[in-house]
Amino acid sequence: MADNVTPRVRVPREASAGDVVSIRTLISHPMESGQRRDGDGNVIPRSIINRFTCDFNGENVIDVTIEPAVSTNPYFQFSAVVNETGTFNFTWYDDDGSVYEETADITVA
Amino acid sequence: AITLLPSVATAQDVDAAINAFTGGADTSPDGITLIAPEIAENGNTVPIEVDAPGAEAIILLAAGNPSPDVATFNFGPAAGAQAASTRIRLAGEQDVIAIARMPDGTFLRAQQEVKVTIGGCGG
């Protein structure tokens, strides 16, 4: 199991209705690829974040399938259209079954 | 201690990954943008950006990695654009490929060669 897994998101606090807002996310995670070997030649088992999703007020923004070729501390930048005040829900799924969640509120005038 | 180099995907592996997404359909080079560095100093974290306006999904492949699959971006109704940026591992100099699936069932493809100074994926 990965230690110290911390999600971080950056979302504007305010926007106008219909705006496209930029979102940045990062989760600290080693993303062990399953391709590496330890000093004794044994394969280090794969342990990655395999999926990331972002929803706004229950509507999907992006749903990413992630393979071991995504770097340590997976980073994603994308955009969402906001028509109303609401909450972004971010979810990361770990190979070990852990699910990490984060939220961010935005006020839409 | 012996550290074995990881194997590299074959052309067949890459074709299989593409066909799994496209079903063997032809691809067009127009309407999709793939931004990757021509030279990446560190193959462990290579910035990649894909953009295909109107796409339902974009798949990202690395033709010279042990496995060509990198990520699939599925865009929902609240997406502000069918575009995303991330950071990926490249085991060495190779082609990065992005393929977008459009709502009308057509596919778009962009490709760029990236030279890597320090390879990712290894031990």
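For the structure itself, consult the block above.
If you're wondering where the values come from, they're calculated on a predicted model, not measured in any experiment.

Chemist: Tell me about the overall build of chain B, and name the residues and values.
Modeler: What chain B contains, in helices and strands, is one helix and nine strands. Element order for chain B, N to C, with α for helix and β for strand: α-β-β-β-β-β-β-β-β-β. Relative to the compact-globule value of 14 Å for 123 residues, chain B shows a C-alpha radius of gyration of 15 Å, a close match. If you line up chain B on its principal axes, its C-alpha atoms span 50 × 30 × 20 Å.

Chemist: A description of the packing of aromatic side chains should follow, citing residues and the corresponding values.
Modeler: Considering all chains together, one arrives at nine aromatic pairs over all chains under this definition. Each ring, one from Phe52(A) and one from Phe76(A), has its centre 5.5 Å from the other, and the planes form 10°; the classification is stacked. Taken together, the residues span a long stretch of sequence, with Phe52(A) in strand β4 (residues 49–56) and Phe76(A) in strand β6 (residues 75–82) at a distance of 24 residues. Here Phe52(A) and Trp92(A) contribute two aromatic rings whose centre-to-centre distance is 5.1 Å and whose plane-to-plane angle is 40°, an arrangement assigned as tilted. Placement of Phe52(A) in strand β4 and of Trp92(A) in strand β7 (residues 86–94) is noted, with a sequence separation of 40 residues between them. The aromatic ring of Tyr75(A) is capped on one face by Arg87(B), whose charged end is 4.0 Å from the ring centroid.

Chemist: Lay out the sheet that holds strand β1 (residues 7–10) of chain A with the relevant residues and their values.
Modeler: Strand order in the open sheet formed by six strands is β1(A)-β3(A)-β6(A)-β7(B)-β4(B)-β2(B), and the pairing between neighbours is antiparallel. With partners counted over all chains shown, the strands left at the sheet margins are β1 of chain A together with β2 (33–35) of chain B, one partner each. Going across the sheet, the axis of each strand differs from the next one's by a mean of 20°, ignoring polarity. Inspection of the sheet shows β2(B) paired to strand β4 (residues 46–51) of chain B by three bridges, in the antiparallel sense. Paired with Ile35(B) across the bridge in β4(B) is Glu49(B).

Chemist: Tell me about the interface of chain B and chain A, and name the residues and values.
Modeler: For an interface, size is often stated in terms of accessible area lost upon the parts coming together. Tallying the contact residues gives 32 residues for chain B and 31 residues for chain A. For the pair chain B and chain A, the two sides together bury roughly 2,500 Å², of which 51% comes from carbon and sulfur. Together, Ala78(B), Arg87(B) and Arg89(B) form the three largest contributors to the area buried by chain B at its contact with chain A, with a combined 26%. For the interface between chain B and chain A, the tally reads zero salt bridges. On the surface where chain B and chain A come into contact, there are 19 residue pairs in polar contact (both at pLDDT 80 or more). When residues of the side of chain B that touches chain A are traced back to their parent elements, those giving at least two are β6 (69–75) and β7 (83–88) of chain B. Its residues assigned to classes, the side of chain B that touches chain A shows 18 nonpolar, 11 polar and three charged. For strand β5 (residues 59–66) of chain A and β6(B), the ladder comprises five bridges, and the chain directions are antiparallel. Within the sheet, the bridge partner assigned to Ile66(A) lies in β6(B) and is Ala71(B).

The rules behind the values
Residues numbered from 1 in each chain as written. Chains lettered and ligands numbered in written order. Predicted model: local features only at pLDDT ≥ 70, side-chain atom pairs only at ≥ 80, totals over all residues. Heavy atoms only, no water. Helix = DSSP H or I, 4+ residues; strand = E, 2+ residues; numbered from the N terminus. Rg over C-alpha atoms; globule rule 2.2 N^0.38 Å. Phe/Tyr/Trp six-rings, centres within 6.5 Å; stacked < 30°, edge-to-face > 60°. Lys NZ or Arg CZ within 6 Å of the ring centre and 35° of its normal. Pairing = 2+ DSSP bridges. Axes fitted to C-alpha atoms, helices over the stretch in contact; angles between N-to-C directions. Contact = heavy atoms within 4.5 Å. Buried area = accessible area lost by both parts, 1.4 Å probe. Salt bridge = Lys/Arg side-chain N within 4 Å of Asp/Glu carboxyl O. Polar contact = N/O pair within 3.5 Å; in protein donor to acceptor, adjacent residues only side chain to side chain. Nonpolar A, V, L, I, M, F, W, Y, C, P; charged D, E, K, R; others polar.

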